[in-house]
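Results of the structural survey
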Amino acid sequence: MSMLSTTEKTYQELRQKAEAKLAPLADKPLIWIGTATCGKAAGALEVREAFKEELKNKGVDARVMEVGCMGHCYAEPLAVIAKPGFPALCYGKVDEGLVKRLVDDFLVHDDPCYEFAMVALEANDIFPTFADFPRGVYEEKIILEQCGFIDPEDIDHYLAKDGYAALARVLDMESPQVIKEVKAANLRGRGGAGFPAGVKWEAVAGQAEQTRYVICNADEGDPGAFMDRSILESNPHLVVEGMIICAYAVGASHGYLYIRSEYPQAIRRVRTALQQARERGLLGNSILGSDFNFDLEIFAGAGAFVCGEGTALINSMEGKLGLPEHRPPRLSTAGLRGKPTVLNNVKTFAYVPLIIKKGAEWFKNTGTPGSPGTAVFALAGKVANPGLVEVPMGTTLRQLIYDVGQGIPGDKKFKAVQIGGPSGGCLPEAALDIPIDFDSLKEAGAIMGSGGVVILDEDDCMVRIARYFLKFTQQESCGKCTFCRLGTRHMLDILTAITRGEGKLSDLETLRELAEDVQAGSLCNLGKTAPNPVLTTLKYFYDEYRAHIKEKRCPALMCPDLIAYYIAPEKCSKLCNACVGSCPVEAVYTREDGLKAINQGKCVKCDNCLKACPFEYNAVIKLSPPSLLEEKERSTK
Amino acid sequence: MSEVKFTIDGREITAPAGEKLLWVALKHDIYIPHLCGIQEEQRPGAGCRLCFVEVEGQAHPVTSCTLPVREGMAVKTRTPAVDRLVRSAFELLLSDHRLQCGKCPKNRACALQQIARERGLKLKLNRLKPLQREFPPVDDSTAVFACDRSRCVLCGQCVWADQQVAKVGAIGFSRRGLNRTVSTFTGMELADSPCTKCGLCVEACPVGALYFLDDNWKNLQGGQTPKGKI
Ligand SMILES: Cc1cc2nc3c(=O)[nH]c(=O)nc-3n(C[C@H](O)[C@H](O)[C@H](O)COP(=O)(O)O)c2cc1C
Ligand code: SF4
Ligand code: SF4
Ligand code: FES
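None of the values given here were measured: they were computed from a predicted structure.

**So, the overall build of chain B**
Tallying secondary structure elements over chain B gives 6 helices and 9 strands in all. In summary, chain B has a C-alpha radius of gyration of 19 Å against a globular reference of 17 Å for 230 residues, a match within 12%. Projecting the C-alpha coordinates of chain B onto the three principal axes gives extents of approximately 55 × 40 × 35 Å. Burial analysis of chain B (230 residues in total) assigns 50% to the buried set. Of the charged side chains in chain B, 32 are positive and 24 negative; the average position of the first set lies 6 Å away from that of the second.

What follows is the structure in structure tokens.
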């Protein structure tokens, strides 16, 4: 038998205790409820209470456990029932009625209600698993693997699944070896820019200054992004373990998790995780019996988007205004309190324990040579299956949208995909075969960014979309530097004028010049990337801009100032009154002949009448440019 | 400190290693536009984005107030890329600046006018429209000097003078984005603030945002422009 090191022995004891504690639970039914923020918003807490109530009523001995997010947010609230003798089954869109049935039919009477089940969690002969889902074929869960399957508030669940084994191993390694492994894996930062984590760590480890810090960036300010929150809420120990490993590698004794204060649930679960890790000797002095000391604290961020930028984040942690600074110096030489600092994203840290456990080669087997591993995306917009997905780097946009996201709902035509959050770019159909990796996206004018992916269809006006995203960054500009403070505002003004039909062709030239100058001249990456949506839409959808300007026409029929609502007499049923009642300003009226018509002077373009008109008539249509109205009216007179 | 040799626009220059290029260039009478640079500042704010230069071997223009001089570097103060950025930053600043030089106490001594002169730029908007927005009222509560934010370029010279030179701490930057402004704590009037009226901030202001309320200025208020137009 080989000799176990002290750390290894200490770890094995912890793990055995955890397993011993959890083993008896396998004998009775277990109900998991996803209570991450997405589940909660859909009513998961009510479902939890309903289960408890019903179990009591029926006298069933089962345990209810809260877990995080499985990434199928569209089907929340989700519940999983693991009853000995059956595969663990997952049920979507659970409500009180279903709770009653599941407790009575399944837990009392052994009928798993397959008609309501969504998926089985382990392979079996009866019911499909996630891997049999169309998206399961493309998905490869590495950092999300345990999310939604373990109790984030009980460290023993993490320990029982091999958690902290990587830390135990690392403590028996020399720190340069740890860095070497992370470098060999070519783990690139998942906060957006893709900087190699190992190179960053090495720079910090090589500083003469001995006080060093490790900070996890969980500011996640992009609207629509929630993967970092989801990981912290679903599997906080994975991130904590990654941070401890990093601290060991770079010789830090103190670290922080910078979590935005709008994430109270994440903050709570991380706090619990830190507490439990400390109790088990995984944080604090003499970690796992070694001579390594490290502790972690939560810093609740003030919330401004720009505070996610490294130097602004440090300023705000030091109690100063959260404004970016010129670099260099990099954080690795002068970060928090002027000391060498590693700042990495939540996901970046989450990969670390897995890389240590399975090796750099394993990590590089997934993804592309330049961008190994997986990418986590939040799919949103005009896509059938929105939610959180993890796919290998190198997956094409087409696979992501059509295979993982199941395409565009309805009979609508795909128009563009906006990738990388508000500072990402809009890519057209022709770019769909681009592999998703840091470098290819950048080349196409988009960025990996926070992993927000918004899918747009023919009903989306690209000028408005550009304006929408720019408006966000413009409002979030800290105002410190000239280009971003004033340049984004002028760009926004130009876009607004164009959507109102008040643009000139020369504005497009000014817009492009300004966009390029803001990109080249801004102080921090907020300003440098803010023009991306504008530059990419100008590049790929120039005709749409032109139509707004030259023809006062919005091809997507979206810009209120460039459309008119019109009721086609040949389609309108005299017998129906739906539109008249729906109009908030009484613009829709009944003509003498019984047909409906719209008083254009009163119409506020709220879209109500179009929605109200029954499907079988579809008589309300939008016209662009509004001047088409005259023609229509003339032809029907 | 060791000296390094390098060139600016082909001219051989020697300077202590690590000194920031902007100050070295100015010392050698090579003009580079700048508003926010403060030589003593350890970590320059680099917010005005006017002091761009190009360094041979670097793909993009860089701000010279943050650029330590290095042995053998070749710097150009005028390239098409630099000129384009300066022109844009300058026009952006003008678009948010009440341009009435004739009525401004800083007429002819203004850094914006100097930049225009040195770089052949016009003191008027070319591609952009003036930003329409409300400024806080002029604060002339001290009766010694006044602060007119519609002329402020947010360079921070006054804040430095107040906090680091006078060591008073009466003013600082507040608010975000377009609303970023120089103000007293909680935005009270200067007269109610700890301001000692030493006037260092007024002397530091490169434009007409902070100005002494002397007789000359009172005449101007009457609509006369003794100094004439530039
Ligand atoms: C405006 C702005 C916002 C940012 N927000 C975040 C954020 O919320 N989370 C994050 O990890 N990185 C964010 N970043 C990137 C960070 O500056 C930094 O690059 C990152 O945290 C480094 O970690 P990584 O190497 O693991 O990606 C932001 C950058 C900018 C310019
Ligand atoms: S680019 Fe924008 S956010 Fe960044 S420093 Fe400049 S004004 Fe602030
Ligand atoms: S008041 Fe003058 S010195 Fe102060 S920030 Fe404005 S322009 Fe600069
Ligand atoms: S002087 Fe360099 S950015 Fe203002």
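Resuming the write-up.
**Some thoughts on the pattern of salt bridges**
Here the idea is simple: oppositely charged side chains can pair when their charged atoms come close. Residue and element names in this part refer to chain A. By the definition in use, this model includes 46 salt bridges over all chains. Close ionic contact of glutamate 318 with lysine 320 constitutes a salt bridge, the shortest N to O distance being 2.8 Å. Residues participating in the shared-partner salt-bridge network are Lys21, Asp154, Asp156, Glu279 and Arg280.

**Regarding the domain arrangement of chain B**
All names here are of chain B. Examined at the domain level, chain B breaks down into domain 1 (1–132) and domain 2 (135–221). Between the C-alpha centres of domain 1 and domain 2 there is a distance of 24 Å. On the domain 2 side, the residues contacting the 19 residues of domain 1 number 18 residues. Each partner contributes to the roughly 1600 Å² buried at the junction of domain 1 and domain 2, and carbon and sulfur atoms together form 60% of this total. On inspection of domain 1 and its partner domain 2, the count reaches 8 residue pairs in polar contact (both at pLDDT 80 or more). Across the side of domain 1 that touches domain 2, the residue classes break down as 11 nonpolar, 2 polar and 6 charged.

**Observations concerning the domain arrangement of chain A**
Annotation of chain A at the domain level lists domain 1 (6–157), domain 2 (163–362), domain 3 (374–457), domain 4 (462–550) and domain 5 (563–635). Taken over C-alpha atoms, the centre of domain 1 of chain A sits 47 Å from the centre of domain 4 of chain A.

**Details of the environment of valine 270 of chain A**
All names here are of chain A. By the element assignment, valine 270 lies in helix H12 (residues 264–279). Under the relative-accessibility criterion, valine 270 is labelled buried at 1%. As for valine 270 and valine 240, which are separated by 30 residues in sequence, their C-alpha atoms are 8.4 Å apart. Ignoring sequence-local partners within four residues, the contact set of valine 270 consists of Leu232, Pro236, Leu257, Ile259 and Ile298.

**Concerning the interface of chain B and chain A**
How large an interface is tends to be reported as the accessible area lost when its parts come together. Each partner contributes to the interface: chain B provides 32 residues, whereas chain A provides 35 residues. In total, chain B and chain A occlude about 2800 Å² of area from one another, counting both sides; carbon and sulfur atoms represent 55% of this. Considering only the surface of chain B that becomes buried against chain A, Arg43, Leu92 and Arg176 of chain B emerge as the three largest contributors, covering 24% of it. Summed over the shared surface of chain B and chain A, the number is 5 salt bridges. With a closest N to O distance of 3.2 Å, glutamate 476 of chain A and arginine 176 of chain B form a salt bridge. Connecting chain B to chain A are 18 residue pairs in polar contact (both at pLDDT 80 or more). Broken down by element, the side of chain B that touches chain A gets its largest block of residues, 8 residues, from helix H2 (residues 80–95) of chain B.

**Concerning the sheet that holds strand E12 (residues 414–419) of chain A**
Residues and elements named next belong to chain A. As summarised here, the arrangement of the 5 strands in space is E11-E10-E14-E12-E13, forming an open sheet in which the pairing is mixed. If you trace the sheet from one side to the other, it starts and ends with strand E11 (387–392) and strand E13 (425–428), each paired once. Taken pair by pair, the neighbouring strands of this sheet meet at an average axis angle of 30 degrees, ignoring direction. Examined bridge by bridge, strand E10 (residues 374–381) and strand E14 (residues 452–457) share 4 bridges and lie parallel to one another. Pairing of alanine 380 across the sheet is with valine 454, part of E14. Taken strand by strand, helix H22 (residues 532–540) contacts E12 and E13, and its axis lies near 25 degrees from that of E13.

**Remarks on helix H10 (residues 227–234) of chain A**
Of all 8 residues that make up H10 of chain A, 8 are buried, and the element is covered over most of its length. For H10 of chain A, every residue scored as buried is listed here: Met227, Asp228, Arg229, Ser230, Ile231, Leu232, Glu233 and Ser234 of chain A.

**A short note on the site of ligand 3**
The environment of ligand 3 is made up of 13 residues, and the closest members are Cys152, Cys155, Gly156, Cys158 and Cys205 of chain B. Here the residues of the shell around ligand 3 sort into 11 nonpolar, 2 polar and no charged.

**Structural notes on unusual backbone geometry**
With an omega of -5 degrees, the peptide bond between glutamate 76 of chain A and proline 77 of chain A qualifies as cis. For proline 77 of chain A, the position within the fold is in the loop between strand E2 (63–67) and strand E3 (79–82). That bond from proline 328 of chain A to proline 329 of chain A is cis: its omega, 5 degrees, falls within 30 degrees of zero. Positionally, proline 329 of chain A belongs in the loop between helix H13 (310–317) and strand E9 (341–345). Phi at arginine 337 of chain A takes a positive value of approximately 50 degrees, unusual for a residue other than glycine. Note that arginine 337 of chain A resides in the loop between H13 and E9. Using a relative accessible area of 45% as the deciding quantity, one classes arginine 337 of chain A as partly exposed. For alanine 143 of chain B, which is not a glycine, the phi torsion comes out positive at approximately 70 degrees. Within the secondary structure, alanine 143 of chain B is located in the loop between helix H3 (111–119) and strand E6 (145–147).

Cut-offs applied
- Residues numbered from 1 in each chain as written.
- Chains lettered and ligands numbered in written order.
- Predicted model: local features only at pLDDT ≥ 70, side-chain atom pairs only at ≥ 80, totals over all residues.
- Heavy atoms only, no water.
- Helix = DSSP H or I, 4+ residues; strand = E, 2+ residues; numbered from the N terminus.
- Rg over C-alpha atoms; globule rule 2.2 N^0.38 Å.
- Buried < 20%, exposed > 50% of the residue type's maximum accessible area, 1.4 Å probe, protein only.
- Lys, Arg positive; Asp, Glu negative; His and termini not counted.
- Charge placed at Lys NZ, Arg CZ, Asp CG, Glu CD.
- Salt bridge = Lys/Arg side-chain N within 4 Å of Asp/Glu carboxyl O.
- Domains from an automatic or database assignment.
- Contact = heavy atoms within 4.5 Å.
- Buried area = accessible area lost by both parts, 1.4 Å probe.
- Polar contact = N/O pair within 3.5 Å; in protein donor to acceptor, adjacent residues only side chain to side chain.
- Nonpolar A, V, L, I, M, F, W, Y, C, P; charged D, E, K, R; others polar.
- Pairing = 2+ DSSP bridges.
- Axes fitted to C-alpha atoms, helices over the stretch in contact; angles between N-to-C directions.
- Near = heavy atom within 4 Å.

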